[in-house]
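# Overview (structure and organization)
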Amino acid sequence: MARKRRDVFKVLAAGAAASLVEQAAPAAETRLPAGTVWKKTPCRFCGTGCGLLVGIANGKAVAVQGDPASAVNKGLCCVKGYHSVMALYGEDRLRQALIRKNGKLTPAPIEEALNLVASQLKQTIAASGKDSVAIYGSGQWTIPDGYVASKLFKGGIGTNNVEANARLCMASAVTGFMTTFGMDEPMGCYEDIDHADVFVLWGNNMAEMHPVLFSRMLEQRDKRPDVEIIDLATRSTRTSAAANRLILFQPNADLAIANGLAREIIRLGAVNRAFVERHVSFHQGKTEIGYGVEDKFAFNDQATAITFEQYRELVDEYTPERVEALSGVSPRDLRYLASLYANPGKKVVSFWCMGMNQHTRGTWMQNLVYNLHLLTGKISTPGNSPFSLTGQPSACGTVREVGTLTNRLPHGDVTNEADRKLAASIWKVPVEKIPAKPTFHAVEMFRALDRGEIRFLWIQVTNPMVTMPKLRRYRDAAKKDGRFIVVSEVYPTPTTDIADVVLPSAMWIEREGMFGNSERRTQHFEQMLQPPGDAMSDTWQLIEVARRAGYGHLFPWTRENHIAAIWKEYSEFHHGADHSMAPYEVLKQRPGVQWPYVNGRETKWRYHARYDPAAKGDSWDFYGKPNRRAWIWFRPYEPPPEKPDKEYPFWLSTGRVLEHWHTGSMTRRVPVLHQAVPAAYVEINSRDAARLQLRTGDAVRLRSRRGEIVLKAKVGGRGQPAPGQVFVPFFDESKLINELTLDAFCPISKQPDYKKCAVRVEPARAELG
């Protein structure tokens, strides 16, 4: 099957799919079929949540345009958004179920497949206990998908074995918010872009990863020439080319930079004393906390209260000279950046995404950037915001709000008795049914699969056989005897290749649902098309299996009304001014509604009484913490678990490109996107390339302590790593770069670090397909 997919991709790269382009590409208004109807939906290919209008005619999606009514993108789209509907029409779309028989995946009736999944679920529980079954979902799950999964496994089966791939991309943002503010998700919104004077991008290539938001920033700079964009990065990118200043730093040294900035703010006398004394408290946690590379790693942080003077003494060692020694950032650049945060006349937004999140000290980095905004009081007002961006359409709405992580419940935590009681009352199950202890986070879930503690794993809307770090171990684990793997997918992938059952899924506008984006905006979309063959929504797959497995009483809904019924029940978790959700009818009418939604009004900025109905008093109120104060944490610089050495002298970082989304399972089937970037490559600094006698297109072998891969070199392209560093995108399933990466993670968030491991780079005498 993998070979067949390679053939499909080669055909696309050769341009032989012109008929598909004509069928599904956005068409000029004069070429639209008669009777075309435009319907609203959020985009599927990002966490920004851009609003789209999809043209529907004769039962097909025939055109796309940006929705001018959307407050997110205001009618603009990126290249993936404009071509998004073409992902519906790949020639190898899964239309029927597959069951592994005699070692091969064989087409089967959908009823047989659903019956087999339910039977295996029950048998595994009976033989090995409820914690031997698990579900691994996604930030691409709709809110109803994630809600039903959590209710089935946590409320029905009684296991906390629920995880999502957002653990790999957003978990540090969650723990950062929780440790600093006591609640999750941003206090700001995209409208901050219209008010800010300075944008500091912390390891975030927004020009490619969040191009619509980046375009809004550039528009503001065109309107207001004093606006500055600072690109703080380990690699020069298209973002760097558009920024006012590029500040390059050594991997992992952002910890030192952030502490150095705090020191400079204090030295300049720029601490907002009135704000800090009234709204902030100071703390430090444990240090030398490990990296999670061993199985069953456990860590619990412990906060100790300190004074401002103690905090000042702790950061005082991060002088500009020491920061330069650790990071390569000059004292001049450090002081300039500090002056922007320190200037009371400048509003500052800090943006970040995977560079800070995928970090073995990811939680610490969130805390440290929040510190800069808290020291200066630049927070929770228009244009002043620390802002964590997401990479999936509902990483916030489904994973964080619904709580599809082992430790979470809808708007709650499994370790909190009151939260468990609320969930039990809404789900109408005994409170004892919901375990009080988390089980396996994502990396440990796949380790448990390897060890045999998990025997049944249902994977929905994600492709872990491409995305897991230290991939070879976890792919081999899934193939072991005594494991039963169910995969819900829309196309064949390396993950369906290891499945025992494959269930064909409906794509987003082939079913009704909701996403929740980075700025707390819930976005509804209706079913516009019929899914192909036996494909159905992931929500309904879960309900069908639940009914067959004896849990049907938890889901007393019809196929026609289940989305409205799910939203009504889910909204019961969110009563109150701090988290109230918009009614279903309001969501259907609008291109998105921000929560908290109270008395018919959205909340744009949280934790300030001027904007937030949950805030008390007349100004800031960080009501997530018991003392209603945000916490400034001292978090020191600590080295990464693996650094370049004589044997492996280069840093390896991985990530995305503009044209493809995550593992490419959808975007590589869009001809124009696949033709633009048909294969993965390795970016090499021009000086390193000259020393190794490499040119663009030459074969290069990368080796780490875990594996090796051969790729084509790219020198002087859109991205330029610093000397001693290489970069590889992970969208290409034929070039599994995660066989080289390390499965170390942040001990607090349990999010792995895909940005830093050591590799050897050498010319390769090998054929490249």
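Everything here concerns the structure above.
Residues numbered from 1 in each chain as written. Predicted model: local features only at pLDDT ≥ 70, side-chain atom pairs only at ≥ 80, totals over all residues. Heavy atoms only, no water.

## With respect to the overall build of the protein chain
Here is the rule: Secondary structure is summarised from DSSP: a helix means a run of H or I of at least four residues, a strand means a run of E of at least two, and numbering begins at the N terminus for each. Only C-alpha atoms enter the radius of gyration; for comparison, a globular chain is expected to reach 2.2 Å times N to the power 0.38, where N is the number of residues. Between buried and exposed lies partly exposed: a residue is buried under 20% and exposed over 50% of the maximum accessible area for its type, with that area taken using a 1.4 Å probe on protein chains only. We call two residues in contact whenever any of their non-hydrogen atoms come within 4.5 Å of each other. Each accessible area is a Shrake-Rupley estimate made with a 1.4 Å probe; only the visible protein chains count as cover when residues are assessed. Charged residues are defined narrowly, with Lys and Arg counted positive, Asp and Glu counted negative, and His plus the chain ends left uncounted. To locate a charge, take atom NZ for lysine, CZ for arginine, CG for aspartate or CD for glutamate.
From N to C terminus, the protein chain includes 26 helices and 31 strands. Its C-alpha radius of gyration of 25 Å places the protein chain within 12% of the 27 Å reference for a compact globule of 769 residues. Projected onto the principal axes, the alpha-carbon positions of the protein chain cover approximately 70 × 65 × 60 Å. Within the span of the protein chain, comprising 769 residues, buried residues form 66% of the whole. At a minimum sequence separation of 6, the contacts of the protein chain that also span at least 24 residues come to 74%. Of the roughly 26000 Å² of accessible surface on the protein chain, 48% is carried by carbon and sulfur atoms. A distance of 2 Å separates the average location of the 99 positive side-chain charges in the protein chain from that of its 82 negative side-chain charges.

## Notes on the environment of Val682
Turning to its location among the elements, Val682 is positioned in strand E26 (residues 681-684). In this structure Val682 comes out as buried when scored by relative accessible area, which is 0%. On a C-alpha basis, the gap between Val682 and Pro721 in space is 10.0 Å, while along the polypeptide they are 39 residues apart. Contact partners of Val682, with chain neighbours within four places excluded, come to Val700, Leu702, Leu711, Lys712, Ala713, Lys714, Val726, Phe727 and Val728.

## Points about the pattern of salt bridges
Selection criterion: Here a salt bridge means any side-chain nitrogen of Lys or Arg lying within 4 Å of a carboxyl oxygen belonging to Asp or Glu.
Considering all chains together, one arrives at 57 salt bridges under this definition. Among the salt bridges present, the one from Arg93 reaches Glu510, with a minimum N-O distance of 2.7 Å. Taken together, the positions of Arg93 in the loop between helix H3 (79-82) and strand E4 (97-101) and Glu510 in the loop between strand E20 (501-504) and strand E21 (513-516) put the pair 417 residues apart, joining distant regions of the chain. Residue Arg93 shares its accessibility class with Glu510, and that shared class is buried. Across the pair Glu569 and Lys151 runs a salt bridge whose closest N-O atoms are separated by 2.9 Å. One end of the pair, Glu569, is in helix H23 (residues 562-571); the other, Lys151, is in helix H5 (residues 143-157), with 418 residues separating them in the sequence. Per residue, the accessibility class of Glu569 equals that of Lys151, and both read buried. Shared partners join several salt bridges into a network, and the residues in it are Asp295, Lys296, Glu444, Arg447, Asp450, Arg451, Glu453, Arg473, Lys480 and Asp743.

## Comments concerning the sheet that holds strand E13 (residues 304-306)
The pairing of strands in a sheet comes from backbone hydrogen bonds and takes either a parallel or an antiparallel form. For clarity, the threshold we go by: Pairing between strands is defined by DSSP: at least two bridges between the two strands are required. Axis angles are defined between N-to-C directions and span 0 to 180 degrees, where every axis is a line fitted to C-alpha atoms and, for a helix, only to the segment in contact.
Read across the sheet, three strands follow the order E13-E12-E24 without closing on themselves; strand pairing throughout is mixed. Strands at the two margins of the open sheet, each flanked by one partner only, are E13 and strand E24 (630-634). When the angles between neighbouring strand axes are averaged without regard to direction, this sheet yields 45°. Pairing analysis gives five bridges linking strand E12 (residues 280-284) to E24, with the strands arranged parallel. The residue bridging Gln284 from the neighbouring strand is Phe634, located in E24. Across the sheet, helix H16 (residues 362-376) is in contact with E12 and E24; its angle to E24 comes to roughly 120°.

## What to know about the layout of surface pockets
A water-sized probe, rolled over the atoms, reveals where empty space remains. Rules: Points on a 1 Å grid over protein atoms alone make up a cavity when a 1.4 Å probe fits among them but cannot get out, and a pocket when they form an open set with protein on both sides within 12 Å along at least five of seven lines; lining residues each have an atom within 4 Å of a point. Grid points are joined across faces, edges and corners, and a volume is the space filled by probe spheres set on the points. Just so you know the grouping, Ala, Val, Leu, Ile, Met, Phe, Trp, Tyr, Cys and Pro go in nonpolar, Asp, Glu, Lys and Arg go in charged, and all remaining residues, Gly too, go in polar.
The space that makes up the largest pocket amounts to roughly 1100 Å³. Every residue lining the largest pocket is counted, 36 residues in all, and those nearest its centre are Phe299, Asn300, Asn407, Ile748 and Lys750. Of the residues forming the lining of the largest pocket, the biggest block, five residues, is contributed by helix H6 (residues 171-181). When its residues are assigned to classes, the lining of the largest pocket shows 14 nonpolar, eleven polar and eleven charged.

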